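# Survey of secondary and tertiary structure
Spelled out from the first residue to the last, the chains are:
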Amino acid sequence: MDREAKNEKEENDREREKGVAAMVACYQGFDPAAYLQYNYMPPRADFDRQDSIVPWKLGCLHRAFTEGDVGGDVLVDVGSGPTLYQVLSGCEVFDTVFLTDFLEVNRQELRRWLQGEGYSSLDWTPYLQHVCKLEGRRPSAWTEKAARLRSVVSDILPIDVHLPRPLHPDSQLPTAGADCLVSCFCLESVSPDLASFTRALGHIRGLLRPGGHLLLIGALGESYYMGGPGVRIPVVPLDEAQVCASVRASGYTLVRLEVYTLPQGMMVGVDDVTGVFFVKARKP
Ligand SMILES: C[S@@+](CC[C@H](N)C(=O)[O-])C[C@H]1O[C@@H](n2cnc3c(N)ncnc32)[C@H](O)[C@@H]1O
Ligand SMILES: O=[N+]([O-])c1ccc2c(c1)CN[C@@H](CO)C2
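Parameters and conventions
Residues numbered from 1 in each chain as written. Chains lettered and ligands numbered in written order. Predicted model: local features only at pLDDT ≥ 70, side-chain atom pairs only at ≥ 80, totals over all residues. Heavy atoms only, no water. UniProt positions renumbered as here; feature names shortened; annotations may be inferred. Near = heavy atom within 4 Å. Polar contact = N/O pair within 3.5 Å; in protein donor to acceptor, adjacent residues only side chain to side chain. Areas by Shrake-Rupley, 256 points an atom, 1.4 Å probe, with all protein chains shown as cover. 1 Å grid on protein atoms, 1.4 Å probe; cavity = no way out; pocket = protein on both sides within 12 Å on 5 of 7 lines; lining within 4 Å. Sits in = over half its atoms within 2 Å of the grid points. Nonpolar A, V, L, I, M, F, W, Y, C, P; charged D, E, K, R; others polar. Salt bridge = Lys/Arg side-chain N within 4 Å of Asp/Glu carboxyl O. Helix = DSSP H or I, 4+ residues; strand = E, 2+ residues; numbered from the N terminus. Buried < 20%, exposed > 50% of the residue type's maximum accessible area, 1.4 Å probe, protein only.

- If you check an unreviewed UniProt entry, the protein chain appears there as Phenylethanolamine N-methyltransferase from Salmo salar.
- Here the protein chain is described in UniProt, under the heading Sequence similarities (unreviewed entry), as follows: "Belongs to the class I-like SAM-binding methyltransferase superfamily. NNMT/PNMT/TEMT family."

Here is the structure:
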């Protein structure tokens, strides 16, 4: 590499590190309880509304986990935040589930749920009941599903998707990698730009075994969201074409893309998201 190219690369690396550091600063005010109130209560989580966002997400995840091609022992949820909905179907398929997040406040929120009912900031019962119904079980089986999830969560780990190795080396992941990754509203919400989003997709690909699946949910057209009162967090605005291009460019085979467009009733003033994507992809 000649001197000029070397200088340009060093400048780009410095810019990238500044952008990532700025995102870290944004997250210092993240408020799990407020975030849950903003996004995981009605209208966005209204199980009696056909057009509510959360039931759409749960339907995508249920189909993806149960249509027969996803399986193995280990599921890793990348950037769990304070939420559990993303593993309510997967916990029936995998015997070992790792939840992960960058912030201790979120890992603490998840630990509180694991201790038993009534300790966490949100009552996940309606979610558990809804996924039981998707599985053809009676809603009262939610207690069995809660017990199943508590039994398969193996650890709640720190993660940083901007590191080439996002998990600490002694994280007990199998050497070959996880059998499946799920990640929801994380990569585009923690990356300063599209290139960083795509790089992060490549970093988490290293957590996955060849033949393993990635289930990715994210925001379309979103430039910011509120992570708590007065905590405005910038987001990489994505469109469908960029999502598909980034998934392919980072080494996955795209299996399918599903898109939800927000109706007016789902715009509640906590972000400017216009749509939600669901991607099922596979590591060759
Ligand atoms: C918008 S929240 C998504 C939470 C949850 N997965 C959901 O579906 O609502 C983004 C999450 O990314 C986490 N995060 C922030 N920086 C991160 C990083 N560098 N690597 C991994 N996760 C990060 C935050 O702590 C937060 O929990
Ligand atoms: O409607 N929802 O279910 C929902 C859940 C979480 C999030 C959004 C929407 C939009 N903003 C993202 C952060 O970028 C977080």
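Text resumes after the structure shown.
### With respect to the site of ligand 1
- Around ligand 1 sit 22 residues in total, of which Tyr-35, Tyr-40, Tyr-85, Asp-101 and Cys-184 are the nearest.
- Measuring from a nitrogen atom of ligand 1, one finds a backbone N or O atom of Val-161 at 3.0 Å.
- Note that a nitrogen atom of ligand 1 is positioned 2.8 Å from one of the backbone N or O atoms of Cys-184.
- Within the complex, 98% of the 590 Å² of free accessible area of ligand 1 lies under protein.
- Because more than half of its atoms lie within 2 Å of the grid, ligand 1 is assigned to the largest cavity.
- For the shell around ligand 1, a count of residues per class yields 13 nonpolar, seven polar and two charged.

### What about the pattern of salt bridges?
- Tallying each qualifying case throughout the model produces 24 salt bridges.
- With a closest N to O distance of 3.1 Å, Lys-18 and Glu-15 form a salt bridge. Of this pair, Lys-18 and Glu-15 both sit in helix 1 (residues 3–26), three residues apart, which is roughly one turn of the helix.
- Judged by relative accessible area, Lys-18 falls into the exposed class, the value being 53%.
- We note a salt bridge from Glu-135 to Lys-145, for which the minimum N-O separation is 2.8 Å. Note that Glu-135 is positioned in the loop between helix 5 (125–134) and helix 6 (142–152) and Lys-145 in helix 6, a separation of ten residues in sequence.
- Look at Lys-145 and you get buried, because its relative accessible area is 0%.

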